[in-house]
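In case you want the letters, here they are:
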Amino acid sequence: MLRRILGAQWLAIAFVGGVSFVLSVFIARRFGPEIFGVYAQAISLGSLVGILVDGGFGKLLIRETVQTSPALAGHEAELHGFAFGHACTAIALLALLAIMNPFSLHWPTLLATVGAFGGAVLGNFSMAILRGQGRLMRDALWQMGSRTLTAACMAVVLWGGGNAPWEVLTAQFIGAGIFLLLLMRKGWVRPLFRVPRQIYAVVIPLIWLDLATVIYFRSDMLLFKLLNVSKADVGAYGVAYRLIDAFLLLATPVGLLLFRRFRLNANTLSRLNLIRIVRLAILASGVGLLIFLLALPTADLFFRLVFGEGFALAGNLFKVLCLMLVFALTNGVLGQGVFALGLDRHYVWTATVAAIFNVAGNLLLMSTYGVWAAVWMTVATELVLGIGLSAALIVAWKRMQCTEQVG
C-alpha cells in the first residue's frame, strides 16, 4: 500500500513537474530572458500572495484532520469554512491593493498574480483535507487535474499569441477557477468570515513560519528588482530555480507520510524515532549529493539545448543550486521530525533567523555580485537552517535522556 501511495504521488509530481517544465520552456522561449525575468518575479510575489491567502489554514486542515487538537475541539467541522472566509477576505484586499497600485508597478500583472495564486489556494484547502485523511491517491489525481486545467488555459493563451506575463497569469487564474468549480460541484463550502480568536492564535505561528520560509526561498527575486540586477541574468536564475523546485517537489510525498506517521504518535518520544529521523536525513543528503554530482557535467549542455543560448548562464547557476539541494532535502526530513516532536517554536525561530540571514546577505552582496550572490546565499541559508533544526533535535535527545534518568 505504501508503494502504491508513493507511486501515485510521485506520478502526480512527475506529471505536474513535467507539464510545468514544458510550459516554462515555451514561456521562456516566447518571452526571452528579460521578460521571463519579470514573469519569474511575479511567480515569486505569487508565493507571498499564496501564504497571505492561505493564512496557515492549509497546514491546520491537514493537522486537524489527522488528529484534532484539544485547543480546537468543537471547531473541526467549521475549519474549512473559516479557511474559505479568511482566503476570500485576503484575496479581495490584495486585489484592491493591486488596483490601487501604490508602488507604481504594472497593475494588470499584480492583479493576475493575486487571482492565479489566490484561486490555487482555495482549491488546495480541499486537497489538504484529503491529505489529512490519508487519501493520497485521490489527492494525486486532483493534483494532475488541477495542473491539466491551468496548463491547458495557459497553452491556449500562448498559442493565441500571448506575450506578456499578465496574460499567462490570467489564464492560470481561469484554470484554477474551473478546477474550483469542479471541486465544489457536490456542494459549496460556505465562507465563515468571523474567525474565532483561538483559531488565529493557532494559525499565526504557522503563517509566520510560511512567511519566513518564502522570504529565504523567494525574496531574492524581489530584491533583484529593487537592486536593478540585469533582467537577462534574473531570467536565467528563474529558469534554473524552476528546475530546482521540481526536485524539491519530489520530496513532498515522503514529508506528508512522515508527518501523518509522527502526528498519529505525537505523544511518544523514543530513541528509535530520533534515530529514524537521522537515518532518513542522511539518506536525503545522499540523494542531494548525487543530483549535484550529476549536474556538474550536464547542466551547461542541458540549458543551452532546451532553453537556448540566451539562457547559457542558467547552467552554471543550476550547479550551485544543486549544492543547495544537499542541505534542502536533509532539512525537509529534519523539519518533519522537529514538528513531530512538538518543537514548533524551535522551527519558527530557526526559520526566522535563516530568513534574516538570507535577506541581509543578499542586500550586502547582490549589488556587487548580482545573481551569484543569490545562489550562494541560498546554499548558506540552507546550511544555517540545517544547523538550527539539528540543534532542536539535540535538545529533544537530551530531554529524552533526562526523562529516562528521572524514570
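These notes cover the structure that comes with them. These numbers were taken from a predicted model, which means no experiment stands behind them.

1. Points about the nonpolar core
Then, number 1: Residues Tyr 39, Phe 57, Leu 60, Phe 125, Phe 224, Tyr 237 and Phe 318 are the most contacted members of the largest nonpolar core, which totals 112 residues.
Then, number 2: When neighbours within four sequence positions are excluded, Phe 318 is seen to be in contact with Ala 240, Leu 243, Ile 244, Phe 247, Ala 295, Ala 299 and Phe 303.

2. Re the side chain of Ser 24
Then, number 1: Residue position: Ser 24 is located in helix H1 (residues 2-54).
Then, number 2: Exposure remark for Ser 24: the relative accessible area of 7% places this residue in the buried category.

3. Here's the deal with the packing of helix H2 (residues 57-66) against helix H3 (residues 79-100)
Then, number 1: Relative to each other, H2 and H3 sit at 175°, their axes nearing to 10 Å. Overall, the two elements H2 and H3 adopt an arrangement that is roughly antiparallel. Counted together, Phe 57, Leu 60, Leu 61 and Glu 64 of H2 and Leu 79, His 80, Phe 82, Ala 83 and His 86 of H3 form the full contact between these two elements.

4. What to know about the packing of helix H4 (residues 107-133) against helix H6 (residues 165-183)
Then, number 1: Closest axis-to-axis distance for the H4/H6 pair is 8 Å, and the angle between their directions is 25°. Considering their axes alone, H4 and H6 lie roughly parallel with respect to each other. Of the two elements, H4 crosses H6, and the hand of that crossing is left-handed.
Then, number 2: Here the contact of H4 with H6 is built from residues that sort into 15 nonpolar, eight polar and no charged.

Reading the values: rules and limits
Residues numbered from 1 in each chain as written. Predicted model: local features only at pLDDT ≥ 70, side-chain atom pairs only at ≥ 80, totals over all residues. Heavy atoms only, no water. Core = buried A, V, L, I, M, F, W, Y, C linked by side-chain atoms within 4.5 Å. Buried < 20%, exposed > 50% of the residue type's maximum accessible area, 1.4 Å probe, protein only. Contact = heavy atoms within 4.5 Å. Helix = DSSP H or I, 4+ residues; strand = E, 2+ residues; numbered from the N terminus. Axes fitted to C-alpha atoms, helices over the stretch in contact; angles between N-to-C directions. Parallel < 35°, antiparallel > 145°, perpendicular 65-115°, else oblique. Left-handed = near helix turned anticlockwise from the far one by under 90°. Nonpolar A, V, L, I, M, F, W, Y, C, P; charged D, E, K, R; others polar.

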